[in-house]
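So you can see what is in the structure, the chains are spelled out below.
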Amino acid sequence: MKDKTPDQRLTWLSPFFLGTYAENDDLLEKLVVELMRDHVYWRRNIHPEDPPLISELDRHSPEYLEFVAEMKTQLHGLTARLKNSVPFFNPRYIGHMASDLLLPGLIAQLVTTLYNPNNVTDEAAPVTLSLELEVGRQLATMFGYNVDPTVEPCAWGHITSGGTLANDEALWYFRAVRYWPLAAAVVMARRGRDPGRLKSLGAALADLDDWQLINLSLDRVIALRRELLAWLGDHLDSAQARKLAAEIESQRVEAQGIAEFHARHPGLGTPCVLVPVTAHYSWEKALKLLGLGSANLVSIAVTERMRMDADALELALEQAQADRRPVLAVIGVLGTTEYGSIDPIDDLVAARQRWRRQGLDFAIHVDAAWGGYLASIFRDSDGTLVSHQDLRKGFRHFPSNQVYQAFAALRHADSITVDPHKLGFVPFGCGAYIARHRGMTDFISQKAAYVFDAESASADTEYERRFRNLGQYILEGSKPGAAVAGVWVSHRVLPLDHRHFGRLCGETIRNCEYFFDHIAELREALAGTARVVVPFEPDTNLVCLAINPEGNRSLAAMNRFGRRLYDQLSVSAGADLRQREFFGSRTLVHRSALTQAVADRLIAELALDPASFVAESEDDRHQADSIFLLRHTLMNPWLSGQSRGMNYLDRYCRHLAELIQRLLA
Ligand SMILES: *Cc1c(COP(=O)(O)O)cnc(C)c1O
């Protein structure tokens, strides 16, 4: 990778996108027209013997012409308005998580829309539903999960509307599995059915109390359900067995509601979900949505690199154990939205090993909405992990040992969120939920337990059958097959390994390294005018900057200056976006998200008065409880195009220096 000259790198990238000046317009037009004609022939070949319903004469009728005129007017009105859209595709856009789109995905999505498949079921999407399951396997393989159906556990995954829905679904699944043993135990005891010692538990169901039942690992619960239902099938006639299974369903938390369920299990504390303080706000939404209560989202402190602090996690787990609060899940973030930082997934896995032995279990979900595709950098084409040493050759700093270990540990997570519409470079509405064990879907199906059907086929055909009715196993219902087609074609053209997709993602990291290494020059250019501080060394491809005018000691004043600066880089109402030199974004890091040591370091580097950084915002115009940061998402692969005479990162640094000088003049 490093051996490639910058020029070769850009040549490699050149057919991927429509391009900053739409250089590949011919390619896009030719392919869209060709594939659209292909669609037309498809229509014409479905019962061509039928007479056309729209006649030549109809097309000259006044009503027809009137409609066409109105349609054209409105469509032109739309595109006129769209001209004030945010130019995500342009390397001058370094704000939020959007960039240019991969042509294969874009064209596939546009063209598939003509066929309008609905991936809720294969009856409405005989083609794109299997593509969706294939995409699930591709992403699962990138994370290191097993996808061979003859080996347990076998992963599966599907496309969602975005990362938010995938995160919701992760908790929805965990709750379904983790609470199931309690419902089963209630019914078995009530009906006097005792299978005795169960292999899956190494004990009898009746021997476990509620705390133990809710602290069984996901894999153990999956095995327990299978064993218990098989026992019922063996010992009762089919009707009785079904009745009991239905009774278990009626005792589940999904049937009873959280309040009623917990009232019946008074030994259990309120369930909680542990996230780093840097977690995306979708987690708060998820707890509200599932009725778990956003107050039960426990925030874990982060280190000076904005990664979850394993010691703080340990303390929170101790507290949960002491309070008998079930820990539904611990969420690790792979690429935080604000800083791109990578939580120590390996430490989460190790913590679970330890706590499992002490009777406290939790599911691990990795929110890799942003950083998930970076896993392609770590994968060889045969599916093995690239060694750390080989990986390092392509970069100046990336990946640190901790980052490497976090990616290597992904296969131990129970499920993962990843957004193809972020670093997958496909159009919006495309996230993904990937689970390590497809057996978790046993707990979602609304249908009677198939295990009692004498004629039931192998487990594998059962899962295949099941996923053809995808809508029954996911949160969403009707969903666009076109979105799936876009991801599928992109992954076909650029497989998820370090030679293909990984190389593209690698460009985002290399651009970030370039920017990071050139901040010293920005600092020099502003010497005596303003202090430029990188508050957290980047793990991936996001960099934040804190900027304090020279001589200013007040944090609140620094933040006010930051906002004025950001006004010149933002998509604000009324601004003519075509006049903007660059687009950035901003974030506020709250005092509570920082340890004392980090807060002290930042205040010192920015030469601020420590008394101006307070825990809670008061009405003092010199104090503040947060630090204003300019945030840069370096996702566009064309940012450092110096070999073509335009290095956007150098240009941005010059622009930023000019803006600061102008504002302070
Ligand atoms: C973007 C993001 C989300 C939310 O994903 P959407 O696709 O916007 O719904 C969740 N978590 C992280 C870490 C993200 O970066």
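Computed from a predicted structure; not experimentally measured.

As a further point, take the sheet that holds strand β4 (residues 272–276). Backbone-to-backbone hydrogen bonds pair the strands of a sheet. The strands run either parallel or antiparallel. Spatially, the seven strands line up as an open sheet ordered β1-β9-β8-β7-β6-β4-β5, and their pairing is mixed. Looking at the sheet topology across the chains shown, the edges are occupied by β1 (156–160) and β5 (297–300). Strand after strand, the sheet turns through a mean of 20° between neighbouring axes, direction not considered. Pairing of β4 with β5 involves four bridges; the strand directions are parallel. Counted as the bridge partner of V275 is S299 from β5. Sheet strands in contact with helix α14 (residues 345–357) are β6 (327–333) and β7 (363–368), and its direction is about 170° off that of β7.

Attention now goes to the packing of helix α13 (residues 310–323) against α14. Between α13 and α14, the least distance of the axes is 11 Å, while the angle of their chain directions is 30°. When the axes of α13 and α14 are compared, the pair comes out roughly parallel. Classified by chirality, the crossing of α14 by α13 is right-handed. Note on element contacts: α14 touches α13 through D347, L348, A351, R354 and W355, opposite A310, L313, E314, L317, E318 and Q321. When grouped by side-chain class, the residues that make up the contact of α13 with α14 number six nonpolar, one polar and four charged.

The geometry of an aromatic ring pair is captured by two quantities: the separation of the ring centres and the angle between the planes. A complete count under the given rule lists 21 aromatic pairs for this structure. For the ring pair Y93 and F583, a centre distance of 5.8 Å and an interplane angle of 35° mean the geometry is tilted. Here F583 lies in the loop between α20 (555–567) and β12 (585–590) and Y93 lies in the loop between α3 (62–82) and α4 (103–115), a separation of 490 residues in the sequence. For the pair shown, Y93 and F583 are each scored as buried. Linked through ring pairs, F378, F395, F398, Y404 and F407 together constitute an aromatic cluster.

Taken together, the neighbourhood of the ligand is formed by 16 residues, with G163, T164, D367, D419 and K422 sitting nearest. In this structure, an oxygen atom belonging to the ligand sits 2.8 Å away from a main-chain N or O atom of G163. Between the ligand and H421, the relevant distance is 2.8 Å, taken from an oxygen atom to a side-chain nitrogen or oxygen of the residue. Notes on the ligand: free accessible area 380 Å², of which the protein chains cover 87%. Class assignment for the residues of the shell around the ligand results in four nonpolar, nine polar and three charged.

Taken domain by domain, the chain holds domain 1 (52–86), domain 2 (132–173 + 269–493), domain 3 (177–262) and domain 4 (503–664). Using only C-alpha atoms to locate each centre, domain 2 and domain 3 end up separated by 26 Å. Across the contact, 34 residues belong to domain 2 and 25 residues belong to domain 3. At the junction of domain 2 with domain 3, the criterion picks out three salt bridges. Salt-bridge contacts for D442 lead to R226; the nearest nitrogen and oxygen are separated by 3.6 Å. Summed over the shared surface of domain 2 and domain 3, the result is eleven residue pairs in polar contact (both at pLDDT 80 or more). Those elements that place two or more of their residues in the side of domain 2 that touches domain 3 are α13 and β6. Of the residues belonging to the side of domain 2 that touches domain 3, the class tally is 19 nonpolar, six polar and nine charged.

Inspection of the secondary structure assignment puts H365 in strand β7. The spacing of H365 and L410 is 45 residues in sequence and 9.5 Å in space, taken between C-alpha atoms. Excluding anything up to four places from it in sequence, H365 contacts N167, A170, F174, W283, V330, I331, G332, S415, I416 and T417. At 2.8 Å, the side chain of H365 forms a polar contact with the side chain of S415.

In β12, alternate side chains face the same way, and those of S585, T587 and V589 are buried while those of R586, L588 and H590 on the opposite face are not. Taken together, the six bridges between β12 and strand β13 (residues 626–633) define a ladder with antiparallel strand orientation. Note on β13: the bridge partner recorded for V589 is I627.

What follows covers the pattern of salt bridges. A pair can form between side chains of opposite charge whenever their charged atoms are brought close. Tallied over the entire structure, the rule returns 32 salt bridges. Among the salt bridges present, the one from E56 reaches R59, with a minimum N-O distance of 2.3 Å. Accessibility expressed as a relative area gives 33% for R59, which makes it partly exposed. When salt bridges that share partners are traced, they join E152, R226, D442, E462, R465 and R466 into one network.

Scoring rules and cut-offs
- Residues numbered from 1 in each chain as written.
- Predicted model: local features only at pLDDT ≥ 70, side-chain atom pairs only at ≥ 80, totals over all residues.
- Heavy atoms only, no water.
- Pairing = 2+ DSSP bridges.
- Helix = DSSP H or I, 4+ residues; strand = E, 2+ residues; numbered from the N terminus.
- Axes fitted to C-alpha atoms, helices over the stretch in contact; angles between N-to-C directions.
- Contact = heavy atoms within 4.5 Å.
- Parallel < 35°, antiparallel > 145°, perpendicular 65-115°, else oblique.
- Left-handed = near helix turned anticlockwise from the far one by under 90°.
- Nonpolar A, V, L, I, M, F, W, Y, C, P; charged D, E, K, R; others polar.
- Phe/Tyr/Trp six-rings, centres within 6.5 Å; stacked < 30°, edge-to-face > 60°.
- Buried < 20%, exposed > 50% of the residue type's maximum accessible area, 1.4 Å probe, protein only.
- Near = heavy atom within 4 Å.
- Polar contact = N/O pair within 3.5 Å; in protein donor to acceptor, adjacent residues only side chain to side chain.
- Areas by Shrake-Rupley, 256 points an atom, 1.4 Å probe, with all protein chains shown as cover.
- Domains from an automatic or database assignment.
- Salt bridge = Lys/Arg side-chain N within 4 Å of Asp/Glu carboxyl O.

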